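Structure assessment
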Amino acid sequence: MAEERKSNDEEFSFVKEKIKKQPFYQTRRFRQLCYWLLVAALCGAVACFVFVKLQPFMERALGKEEKTEITIPRDDEPDEVTQEPIGETVVITEPQELELADYQKLYTKLKAVAGEVNKSLVTVTAASSDTDWFNETYESRREISGLLVGNNGVELLILTPYEPVKDASKLQVTFVDGKSQDAVLKNYDRVTDMAIVSVNLAAVDEGTMEVVKIADLGSSKSVKAGDSVIAVGSPAGFAGSLKFGNLVAPGHKTSVIDGEYRLLITDMERSDGGTGVLVNLDGQVIGLIEDTYLHASNERALTAYAISDMKAVIEHLSNSQDLVYMGIKGSQVTAEIAESQGIPTGVYVSDVEPDSPALNGGLQAGDVIIEISGKAVASVTEIQEMLLKFSKDQVIQVKVMRQGKEEYKEIACSVKLDVLK
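The paragraphs below set out a description of the structure included in this document. Numbering of residues begins from 1 in every chain and follows the order in which that chain's sequence is written. The predicted nature of this model means local features are confined to residues of pLDDT at least 70 and side-chain atom pairs, given and counted, to a pLDDT of 80 or more, with totals for whole chains, interfaces and linings taken over all residues. Excluding hydrogens and water, the side-chain values take into account all heavy atoms of the structure.

So, the overall build of the protein
- Helices and strands together make up the secondary structure of the protein, namely 8 helices and 20 strands.
- For every residue, the accessible area obtained with a 1.4 Å probe (protein chains only) is divided by the maximum for its type, and the residue is called buried under 20%, exposed over 50%, and partly exposed between those limits. Buried positions account for 38% of the 421 residues belonging to the protein.
- Only the protein chains shown count as cover for residues, and all accessible areas are computed by the Shrake-Rupley method using a 1.4 Å probe. Here the protein has roughly 25800 Å² of accessible surface; of this, 51% comes from carbon and sulfur atoms. The helix and strand labels rest on DSSP assignments: H or I over at least four residues marks a helix, E over at least two residues marks a strand, and numbering proceeds from the N terminus.

Okay, structure coming up:
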């Protein structure tokens, strides 16, 4: 019996064999984990590559770049002319005769300067709808030149005349490479008839951004009569026109509301509807073509605002800051005039605009402004600079000297500033 039991135990001894546990790295679960880790790594690599490539575009498209403030450096005073050391005198013994080829070379170089400036110019198309006598709707379009003056990281900012764009139902900007984008009116100044229109930076093609450039605003303080200038943009009334000429009167001042501006008068003929810029032979913008304040003695001369006087206005417009006004026209009363005419020094008010802050605040023609907000005033330019620091609806205290029956008396006026509509 014992032997039979032993025989049975030996027959089924395999049941007692120890079965080893399968290693973890050979399990199905481990293989699945490795598979998904590999898939996750591949997806992460692809996502990283796509993010790096699309990041610049997405930042532009979603407007993630912060808008930066536009700053236009002011001009320093003209440097004193330094005399070059005198070297040996060169005596020309044979006259040099100019050939037609020399003339052609000169104009080729002038056109090259204008071509470089064209990268900073655009054509602004202003479209507006109206109805005719038969109550049918029609669309009118006008093309003017605009000047690229800034890039705030979100928009391209373009300076252009205000009158043609103020009532436009649609604005479109065409760059030097021929590509066009929609634009919007951003800000304006009725005194100078200047405006800023903007184009969404994300909408501008990268190729276009490579060929355009922000305008180089030069200085008009040191220009002289006889200096050569080039009119670029639409000086003849249509886009792409070009004129060459000289300055004949670079320092003529014209009185405007609350200030004065210098005008650059040229020997070139003015064209109706002409717009654009005046540049020097270095390609720097020294004037903005205008037709609002024409010189009475020569209304057909092409005239431009001196750029040095316009930089503060351009900066304010570009940063969407209000350009407020009082509404007076005046002239400086110097010590000599005061002594000879028997009136106080300051700014003589020759005219007050109807329904203006100045008129509503009590200022009258014949007053002499001597102080604004506690600061003495000696010239119209000082008033112009002071107003750039104020904002709409701000109330300022204006002290004037007003002539009475026997003498001038000091009067205080409260003026609530506004934007000229």
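Thoughts on the side chain of Asp367
- One can find Asp367 in the loop between helix 7 (357–360) and strand 16 (368–372).
- Residue Asp367 is classed as buried on the basis of its relative accessible area of 1%.
- Two N or O atoms form a polar contact when they lie within 3.5 Å of each other; inside protein one atom must be a possible hydrogen donor and the other a possible acceptor, and for residues adjacent in sequence the pair counts only when both atoms belong to side chains. Reaching out from Asp367, the side chain makes a polar contact with the side chain of Arg402 at a distance of 2.9 Å.
- For this analysis, residues touch if any pair of their heavy atoms sits within 4.5 Å. Filtering out sequence-adjacent residues up to four positions away, Asp367 remains in contact with Val347, Tyr348, Val349, Gly362, Val400, Met401 and Arg402.

Considering the packing of aromatic side chains
- Pairing of aromatic rings covers Phe, Tyr and the six-membered ring of Trp, with a centre-to-centre limit of 6.5 Å; geometry is then stacked below 30 degrees between planes, edge-to-face above 60, and tilted otherwise. Throughout the structure, instances matching the rule amount to 4 aromatic pairs.
- Seen from their ring centres, Tyr103 and Tyr107 are 4.9 Å apart, and the 45 degrees between their planes marks the pair as tilted. With Tyr103 and Tyr107 both in helix 3 (residues 100–117), this residue pair falls 4 residues apart, about one helical turn.
- In this structure Tyr107 comes out as partly exposed when scored by relative accessible area, which is 27%.
- Centre to centre, the rings of Tyr107 and Phe244 are 5.2 Å apart; their planes meet at 90 degrees, and the pair counts as edge-to-face. With Tyr107 in helix 3 and Phe244 in strand 8 (residues 241–256), the pair connects residues that are 137 residues apart, well separated along the chain.

Focus: the environment of Ala114
- Mapped onto the fold, Ala114 is located in helix 3.
- Linking Ala114 and Ala231, residues 117 residues apart in sequence, is a C-alpha distance of 8.3 Å.
- Excluding residues within four positions of it along the chain, Ala114 makes contact with Ile230, Val232 and Leu242.

Comments concerning the sheet that holds strand 11 (residues 285–290)
- Two strands are counted as paired when DSSP detects at least two bridges linking them. Spatially, 6 strands are ordered 7-8-9-12-11-10 in a closed barrel, and the strand pairing comes out antiparallel. Between one strand and the next, the sheet's axes are offset by a mean angle of 45 degrees, whatever the strand orientation.
- By the bridge criterion, 4 bridges tie strand 11 to strand 12 (residues 301–306) in an arrangement that is antiparallel. Looking across to strand 12, one finds that Glu290 is bridged to Thr303. Axes, fitted as lines to C-alpha atoms, cover a helix only where it is in contact. Angles between the N-to-C directions of the axes lie from 0 to 180 degrees.

A short note on helix 3
- Taking 1.5 Å of rise per residue, the 18 residues of helix 3 would be expected to cover 26 Å, and the 26 Å separating its terminal C-alpha atoms lies within 8% of that figure.
- Where helix 3 is concerned, the buried positions are Leu110, Val113, Ala114 and Val117. End-on view of helix 3: buried residues confined to an arc of 100 degrees, all on one side of the axis. Those residues of helix 3 that are exposed and angled more than 90 degrees off the buried face are Leu100, Lys105 and Lys109.
- If you follow the buried residues of helix 3, they end up packed against strand 1 (121–131), strand 7 (228–234), strand 8 and strand 10 (275–279). Expected helix span is given by 1.5 Å per residue-to-residue step, counting one fewer step than there are residues. Working definition: the arc comes from the directions between the helix axis and the C-beta atoms, pointing outward to the latter.

Quick look at unusual backbone geometry
- Not every positive phi belongs to a glycine, and Asp193 is a case in point at roughly 60 degrees.
- When you line up the elements, Asp193 lands in the loop between strand 5 (180–189) and strand 6 (194–200).
- Taking relative accessible area as the criterion, Asp193 reaches 16% and is therefore assigned buried.
- Phi is positive for Asp393, which is not a glycine, with a value near 70 degrees.
- Among the secondary structure elements, Asp393 is positioned in the loop between helix 8 (380–387) and strand 18 (395–403).
- Of the residues examined, Asp393 reaches a relative accessible area of 45% and is grouped as partly exposed.

Comments concerning the pattern of salt bridges
- Think of a salt bridge as a Lys or Arg side-chain nitrogen and an Asp or Glu carboxyl oxygen that are within 4 Å of each other. Under the definition given, this model contains 12 salt bridges.
- With a shortest N-O distance of 3.1 Å, Lys166 and Glu163 are connected by a salt bridge.
- Of the residues examined, Lys166 reaches a relative accessible area of 28% and is grouped as partly exposed.
- Lys253 is the partner of Glu260 in a salt bridge, and the nearest nitrogen-oxygen pair spans 3.6 Å.

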